[in-house]
Amino acid sequence: MFNLRVYGILTNEKRQVLVSDELIRGSYYTKFPGGALEFGEGTRDCLKREFMEEMNLEVKVTAHIYTTDFFQMSAFTPDQQIISIYYFVQPLEAIRVPLRSKPFDFDERQMKIYEQAGETETFRFINWDDFSEQSVTLPIDKVVAGIVKSGRGPALNLRFNI
């Protein structure tokens, strides 16, 4: 069985990269914002929906960066193979969710969500000079972080929203 995921790389004029710090079933993950493709939607529509659900943020999906080209088993469901698709995104409005300055800085409201749902998330920017493959947790995200950081791939001149 396949699990299709779609993620967005959002950068800002300060040369920073947006990441999501998540607490899921007792484990901590730093990843790019995004999530599961739902039946009946395209990948770009999925990414727009995910940013709206997670950040209440309308985004424009721009250049495709990468689609998984190796086998990756799901960390949560071992009988599923993960296929992830990554795009650059640009915010169409100001980010209104609280942005944290340190990893996994969950507030009281977010911890209540965790207690009820078994997962919660918060967002922060990582400075370009500090951003690397080690900045993210998931194996496919590490590949994409390397691509973005190195400047390889199509349309990487869209990297910074300036």
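Residues numbered from 1 in each chain as written. Predicted model: local features only at pLDDT ≥ 70, side-chain atom pairs only at ≥ 80, totals over all residues. Heavy atoms only, no water.

A. Looking closely at the overall build of the protein. The helix and strand inventory of the protein stands at three helices and eight strands. Compactness check: the protein gives a C-alpha radius of gyration of 15 Å against a globular reference of 15 Å for 162 residues, within 12% of the reference. Dimensions of the protein, computed from C-alpha atoms along their principal axes, come out at roughly 40 × 35 × 30 Å. A buried classification covers 47% of the 162 residues belonging to the protein. For the protein, the computed accessible surface area is about 8500 Å², with 51% contributed by carbon and sulfur atoms. Positive and negative side-chain charges of the protein, numbering 19 and 23 respectively, have mean locations separated by a distance of 5 Å. (Helix = DSSP H or I, 4+ residues; strand = E, 2+ residues; numbered from the N terminus. Rg over C-alpha atoms; globule rule 2.2 N^0.38 Å. Buried < 20%, exposed > 50% of the residue type's maximum accessible area, 1.4 Å probe, protein only. Areas by Shrake-Rupley, 256 points an atom, 1.4 Å probe, with all protein chains shown as cover. Lys, Arg positive; Asp, Glu negative; His and termini not counted. Charge placed at Lys NZ, Arg CZ, Asp CG, Glu CD.)

B. Region of interest: the sheet that holds strand β4 (residues 34–36). Taking strand neighbours across the sheet as the criterion, the four strands line up as β4-β1-β6-β5 in an open arrangement whose pairing is mixed. Two strands in the sheet have a free side with no partner beyond their single neighbour: β4 and β5 (59–67). Strand after strand, the sheet turns through a mean of 25° between neighbouring axes, direction not considered. Here strand β1 (residues 2–10) runs beside strand β6 (residues 81–91); their pairing, made up of nine bridges, is parallel. Each bridged residue has a counterpart across the sheet, and for Y7 the counterpart in β6 is Y86. Across the sheet, helix α1 (residues 43–55) touches β1, β4, β5 and β6, and the angle it forms with β4 is around 115°. Helix-sheet contacts for helix α3 (residues 139–150) involve β1, β5 and β6, and the interaxial angle to β5 is about 100°. (Pairing = 2+ DSSP bridges. Axes fitted to C-alpha atoms, helices over the stretch in contact; angles between N-to-C directions. Contact = heavy atoms within 4.5 Å.)

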